[in-house]
Amino acid sequence: MLARRTAAGELGAFGELVRAHEPALRSMLRRLAGDAADDLAQDTFIAAWRAAAGWRQDGSYRSWLYRIAWRQFLSYRRQQRPTEPLEVVQDVGMDNGAGPKAEIAQAMARLGERERMAALLCFAEGYSHGEAADIMCVPLGTLKSLVARARRGLVECLEDEQ
Amino acid sequence: MNEADLDKRLSALLQEPDAAPDPAFVDRVVLAARVDRQIRVARRRAFRRTLIECGAAIAVAGAFYLMSQEQAPLPDGRFSLFGPAMAGLVMLGLWALVTLPTPGYASTAS
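Residues numbered from 1 in each chain as written. Chains lettered and ligands numbered in written order. Predicted model: local features only at pLDDT ≥ 70, side-chain atom pairs only at ≥ 80, totals over all residues.

Draft legend 1. Focus on the overall build of chain B. Secondary structure assignment for chain B yields four helices and zero strands. Put simply, chain B runs from its N terminus to its C terminus through helices and strands in the order α-α-α-α. The buried share of chain B, reckoned over its 110 residues, is 4%. (Helix = DSSP H or I, 4+ residues; strand = E, 2+ residues; numbered from the N terminus. Buried ≥ 20, exposed ≤ 12 C-beta atoms within 10 Å, placed from the backbone.)

Pasting the structure below:
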């Protein structure tokens, strides 16, 4: 309903959508892109506002936002120098000391960007492989490989914990 | 630990508590969307105006060209400076001078 009103150009409805989705989107982008998260989140919302009429109502609005955010992130990374490493906030919203959550956050920061996004979507956000593949615009097989690689990377810290 | 248990464990570790919305961020995004809409409206209006003005200028120039064809030709293929076509061109030039933006004016005015 809000998305339909946003597509009709209603700024109030758009504000409600931003209010509903910004905490999750910014949290996800912070773990994906570090310091650039807020700028990317704003760019994502503005891109969603421009393309509001193009939203297919067969999926959730959040998945659609995540797809836009992933494209914004890839475009942002293309603009960076390839040698420049991405500084990812390792632990946001969790205590910065030791503990499994801090260790898993560090393990996440060591993953490649695609593996990290796949892990965020499938493990943290609870998307199915099909939905995550759709969000990342990759074939299902590729997504499964990314998730498997992410799992391998993350499992080491769980093994250390045990 | 099998794969399903491992995934459940990873999900539990990676999930974050629901954060409260940030009103400042929401306001900033809504303001950016409002500005974006105003820019798009202004751009669309300017594009339409340019199209109309280009069309009008082509029509006026065509009309004066046709008028110049109606004039009796001067010997040696010279122009008459006092014919209606030349008057039309002067008017067109004055219109362009008054209507079209002067380069650099906007930047120095602000």
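Draft legend 2. View of the overall build of chain A. Counting its regular elements, chain A contains eight helices and zero strands. When burial is assessed residue by residue, chain A has 37% of its 162 residues classed as buried. Summarising the internal contacts of chain A: among those between residues at least 6 apart in sequence, 58% fall at separations of at least 24. (Contact = placed C-beta atoms within 7 Å.)

Draft legend 3. Spotlight on helix 2 (residues 11-33) of chain A. All names here are of chain A. The end-to-end C-alpha separation of helix 2 is 28 Å, well short of the 33 Å expected for 23 residues at 1.5 Å each. Within helix 2, the axis deviates most sharply at H21, by approximately 50 degrees, and proline P23 lies no more than four positions further along. Positive phi appears at G34, one or two residues downstream of helix 2, with a value of about 65 degrees. (Expected span 1.5 Å × (residues − 1). Bend = angle between axes of the 7 residues up to and from the residue.)

Draft legend 4. Up close: the interface of chain B and chain A. Contact residues are listed per partner, giving 24 residues for chain B and 24 residues for chain A. Of all the secondary structure elements, the ones that give two or more residues to the side of chain B that touches chain A are helix 1 (3-14) and helix 2 (23-70) of chain B. The element best represented in the side of chain B that touches chain A is helix 2 of chain B, accounting for nine residues. Considered class by class, the residues forming the side of chain B that touches chain A number 14 nonpolar, two polar and eight charged. (Nonpolar A, V, L, I, M, F, W, Y, C, P; charged D, E, K, R; others polar.)

Draft legend 5. Focus on the UniProt feature "domain: RNA polymerase sigma factor 70 region 4 type" (unreviewed entry) in chain A. Mapped onto the present numbering, the UniProt feature "domain: RNA polymerase sigma factor 70 region 4 type" (unreviewed entry) falls on residues 103-152 of chain A. Between the end C-alpha atoms of residues 103-152 of chain A there is a gap of 14 Å, over a span that is 82% helix and 0% strand. (UniProt positions renumbered as here; feature names shortened; annotations may be inferred.)

Draft legend 6. Molecular detail of the confidence of the model for chain B. Residue and element names in this part refer to chain B. Residues with a pLDDT of 70 or more make up 83% of chain B, whose mean pLDDT is 80. Of all secondary-structure elements in chain B, the lowest mean pLDDT belongs to helix 4 (residues 105-109), at 49, while helix 2 reaches the highest, 88. In the predicted assembly, ipTM is 0.79 and pTM is 0.74. (pLDDT = per-residue confidence, 0-100.)

Draft legend 7. Structural view of the UniProt feature "transmembrane region" (unreviewed entry) in chain B. Taking the numbering used here, the UniProt-annotated feature "transmembrane region" (unreviewed entry) corresponds to residues 50-67 and 79-100 of chain B. Strand forms 0% of residues 50-67 of chain B and helix 100%; the C-alpha atoms that close the span are 25 Å apart.

Draft legend 8. Representation of the packing of helix 3 (residues 37-50) of chain A against helix 2 of chain B within the structure. Running from N to C, helix 3 of chain A and helix 2 of chain B cross one another at 45 degrees; their axes reach a closest spacing of 10 Å. Between helix 3 of chain A and helix 2 of chain B, the crossing angle belongs to the class labelled oblique. For the crossing formed where helix 3 of chain A meets helix 2 of chain B, the hand is right-handed. When helix 3 of chain A is examined against helix 2 of chain B, the residues Q42, F45, I46, W49 and R50 of chain A are found in contact with a partner set consisting of R28, V29, A32, A33 and D36 of chain B. Classifying every residue of the contact of helix 3 of chain A with helix 2 of chain B gives six nonpolar, one polar and three charged. (Axes fitted to C-alpha atoms, helices over the stretch in contact; angles between N-to-C directions. Parallel < 35°, antiparallel > 145°, perpendicular 65-115°, else oblique. Left-handed = near helix turned anticlockwise from the far one by under 90°.)

Draft legend 9. Seen up close, the confidence of the model for chain A. Residues and elements named next belong to chain A. Summary statistics for chain A give a mean pLDDT of 85 and a share of 87% for residues scoring 70 or more. Taking the mean pLDDT of every element in chain A, the minimum, 81, falls on helix 1 (residues 2-7) and the maximum, 94, on helix 7 (residues 129-136). Confidence over residues 91-95 falls short of pLDDT 50; this stretch has 14 contacts with residues more than four positions distant or in other chains.

Draft legend 10. A look at the nonpolar core. Residue and element names in this part refer to chain A. Of all hydrophobic cores here, the largest spans 50 residues; its most connected members are L29, A69, A118, A119 and A132. Residue-level mapping places this core at the junction of two domains, with at least three residues from each of domain 1 (1-89) and domain 2 (90-162). The contact partners of A118, leaving out residues within four places of it in the chain, are A132, M136, L143, L146, V147 and A150. (Core = buried A, V, L, I, M, F, W, Y, C linked by C-beta atoms within 7 Å. Domains from an automatic or database assignment.)

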